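Structural characterization, general
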Amino acid sequence: MKYQVLVRLKPGVLDVQGKAVENGLKDKKFDAIRNVRVGRVIELEVDGVAAPEAKAQVDEVCKLLLANPVIEQYEIKEVA
C-alpha cells in the first residue's frame, strides 16, 4: 500500500516560511495571493500487512516521527 502524508502547521501557528513566500510573491507583483501556508508531503509504502493495519502503522509513524502534534496536523491519503 502506498500512502501520502500531508503535514501542515495548525491554524493559528505562525508560518514563517509561508510568510516569506507570500512576501516574495508580492515583490513579484502577485498581489492577489494571500495567506500562504507551506507544508510538506511524505510518501511511504507499507508491504506485507492488510490495509487497515498499514494505515494504522502510518498513523503511528506520523505521531512518533513525522509530525509535531503540538504545532502540526497531518492528513493520510492512500494513493494508487
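Before reading further, recall that the structure is shown in the block above.
Now for a description of the structure that goes with this document. This is a predicted model, so every value here is computed, not measured. Counting from 1, residues in each chain are numbered in the order their sequence is written. It should be noted that, the model being predicted, local features are given only for residues of pLDDT at least 70 and side-chain atom pairs only at 80 or more, the latter also being counted only at that level, while totals for whole chains, interfaces and linings use all residues. Each side-chain value is derived from all of the structure's non-hydrogen atoms; neither hydrogens nor water enter the calculation.

1. As for the overall build of the protein
- Scanning the protein from terminus to terminus reveals 2 helices and 3 strands.
- Secondary structure follows DSSP: runs of H or I at least 4 residues long count as helices, runs of E at least 2 residues long count as strands, and numbering of each begins at the N terminus. For the protein, the sequential pattern of α-helices and β-strands runs β-α-β-α-β.
- Throughout, radius of gyration means the C-alpha value; the globule benchmark is 2.2 Å times the number of residues raised to the power 0.38. Here the C-alpha atoms of the protein give a radius of gyration of 16 Å, more than 25% beyond the 12 Å that 2.2 N^0.38 yields for 80 residues.
- Based on the C-alpha atoms only, the size of the protein along its principal axes is roughly 50 × 30 × 15 Å.
- The buried share among the 80 residues of the protein stands at 21%.
- Considering only contacts in the protein between residues 6 or more positions apart, those separated by 24 or more positions represent 71%.
- We get accessible surface area from the Shrake-Rupley algorithm with a probe of 1.4 Å; when it comes to residues, only the shown protein chains can shield them. When the accessible surface of the protein is totalled, it reaches about 5800 Å², and 56% of it is carbon and sulfur.
- Here the protein contributes 13 positively and 13 negatively charged side chains, and the mean placements of these two sets differ by 9 Å. Exposure classes here rest on a 1.4 Å probe applied to the protein chains alone. A residue is buried below 20% of its type maximum, exposed above 50%, and partly exposed in between. What makes two residues a contact is simply this: any of their non-hydrogen atoms within 4.5 Å. Under this rule, positive means Lys or Arg and negative means Asp or Glu; His and the chain ends count for nothing. Lysine's charge is taken at NZ, arginine's at CZ, aspartate's at CG and glutamate's at CD.

2. Observations concerning the side chain of Glu72
- Relative to the helices and strands, Glu72 is located in strand S3 (residues 72-79).
- A distance of 2.9 Å separates the side chain of Glu72 from the side chain of Arg40, its partner in a polar contact.
- N or O atoms closer than or at 3.5 Å make up a polar contact, with two conditions inside protein: a donor-capable atom paired with an acceptor-capable one, and, for residues adjacent in sequence, both atoms drawn from side chains. A distance of 2.7 Å separates the side chain of Glu72 from the backbone nitrogen of Asn68, its partner in a polar contact.
- Beyond its immediate stretch of four places on either side in the chain, Glu72 contacts Val7, Arg8, Leu9, Lys10, Arg40, Leu66 and Ala67.

3. Quick look at a nonpolar patch on the surface
- Taken together, the side chains of Val61, Leu64 and Leu65 define a hydrophobic patch exposed on the protein surface, amounting to about 330 Å² of accessible area.
- Under the relative-accessibility criterion, Leu65 is labelled exposed at 69%. Note on patches: the residues involved have over 30% relative accessible area and no salt bridge, like charges join within 9 Å, and the nonpolar side chains Val, Leu, Ile, Met, Phe, Trp and Tyr join within 5 Å. We define a salt bridge as a contact between a side-chain nitrogen of Lys or Arg and a carboxyl oxygen of Asp or Glu at a distance within 4 Å.

4. Description of the side chain of Glu22
- Turning to its location among the elements, Glu22 is positioned in helix H1 (residues 16-27).
- Within the structure, the side chain of Glu22 is placed 3.2 Å from the backbone nitrogen of Asn35, a separation counted as a polar contact.
- Excluding anything up to four places from it in sequence, Glu22 contacts Ile33, Arg34, Asn35 and Val36.

5. Quick word on the environment of Val79
- With respect to the helices and strands, Val79 occurs in strand S3.
- On the basis of relative accessibility, which here comes to 28%, the residue Val79 falls in the partly exposed class.
- When the C-alpha positions of Val79 and Gln4 are compared, they lie 6.7 Å apart, and in sequence the two are 75 residues distant.
- Not counting chain neighbours up to four residues away, the residues in contact with Val79 comprise Lys2, Tyr3 and Gln4.

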